[in-house]
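# Reading the structure
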Amino acid sequence: MKKFFISAILIVGLYSTAFSQKRPPAPPHPSKTQLYNDKARELDRKYNQEKKVDS
């Protein structure tokens, strides 16, 4: 009975340790189209700023 009790405590301890080390979910990555659109918007904004400065 004593061995069973020690084994049960050991198993519960290992399970709780493994469960607590679970990593949180990774944040979602932007899609390629979203990255493309963001970059295009940034380049358009820079182009328009330079165009205003030159005029």
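Residues numbered from 1 in each chain as written. Predicted model: local features only at pLDDT ≥ 70, side-chain atom pairs only at ≥ 80, totals over all residues. Heavy atoms only, no water.

## Overview of the overall build of the protein chain
Check the secondary structure of the protein chain and you find two helices and zero strands. The C-alpha radius of gyration computed for the protein chain amounts to 28 Å, which surpasses the reference 10 Å derived for 55 residues by more than 25%, pointing to a less compact arrangement than a globule. Principal-axis analysis of the C-alpha atoms places the extent of the protein chain at approximately 90 × 20 × 5 Å. When the 55 residues of the protein chain are sorted by exposure, 0% land in the buried category. (Helix = DSSP H or I, 4+ residues; strand = E, 2+ residues; numbered from the N terminus. Rg over C-alpha atoms; globule rule 2.2 N^0.38 Å. Buried < 20%, exposed > 50% of the residue type's maximum accessible area, 1.4 Å probe, protein only.)

## Here's the deal with the environment of Gly 13
Mapped onto the secondary structure, Gly 13 falls in helix H1 (residues 2-20). On a C-alpha basis, the gap between Gly 13 and Lys 46 in space is 58 Å, while along the polypeptide they are 33 residues apart.

## Let's talk about a nonpolar patch on the surface
A cluster of nonpolar side chains, namely Phe 5, Ile 6 and Ile 9, defines an oily patch on the protein surface of about 330 Å² accessible area. Note on placement: Ile 9 falls in helix H1. A relative accessible area of 48% means that Ile 9 is categorised as partly exposed. (Patch = residues over 30% accessible without salt bridge, like charges linked within 9 Å, V, L, I, M, F, W, Y side chains within 5 Å. Areas by Shrake-Rupley, 256 points an atom, 1.4 Å probe, with all protein chains shown as cover. Salt bridge = Lys/Arg side-chain N within 4 Å of Asp/Glu carboxyl O.)

## A look at the environment of Ala 8
With respect to the helices, strands and loops of the structure, Ala 8 is situated in helix H1. Given the relative accessible area of 28%, Ala 8 is considered partly exposed.

## Focus: the pattern of salt bridges
Any two side chains of opposite charge can pair, so long as their charged atoms come close to each other. Applying the stated criterion across every chain yields a total of two salt bridges. Notably, a salt bridge pairs Arg 41 with Asp 38, separated by 3.0 Å at the nearest N-O pair. Here Arg 41 and its partner Asp 38 are both found in helix H2 (residues 32-54), three residues apart, which amounts to about one turn of the helix. Taking the relative accessible area as the measure of exposure, Arg 41 reaches 53% and is therefore exposed. Here Asp 38 falls in the partly exposed class, since its relative accessible area comes to 33%. Two residues, Glu 42 and Lys 46, come together in a salt bridge whose shortest N-O distance is 3.4 Å. Of this pair, Glu 42 and Lys 46 both sit in helix H2, four residues apart, which is roughly one turn of the helix.

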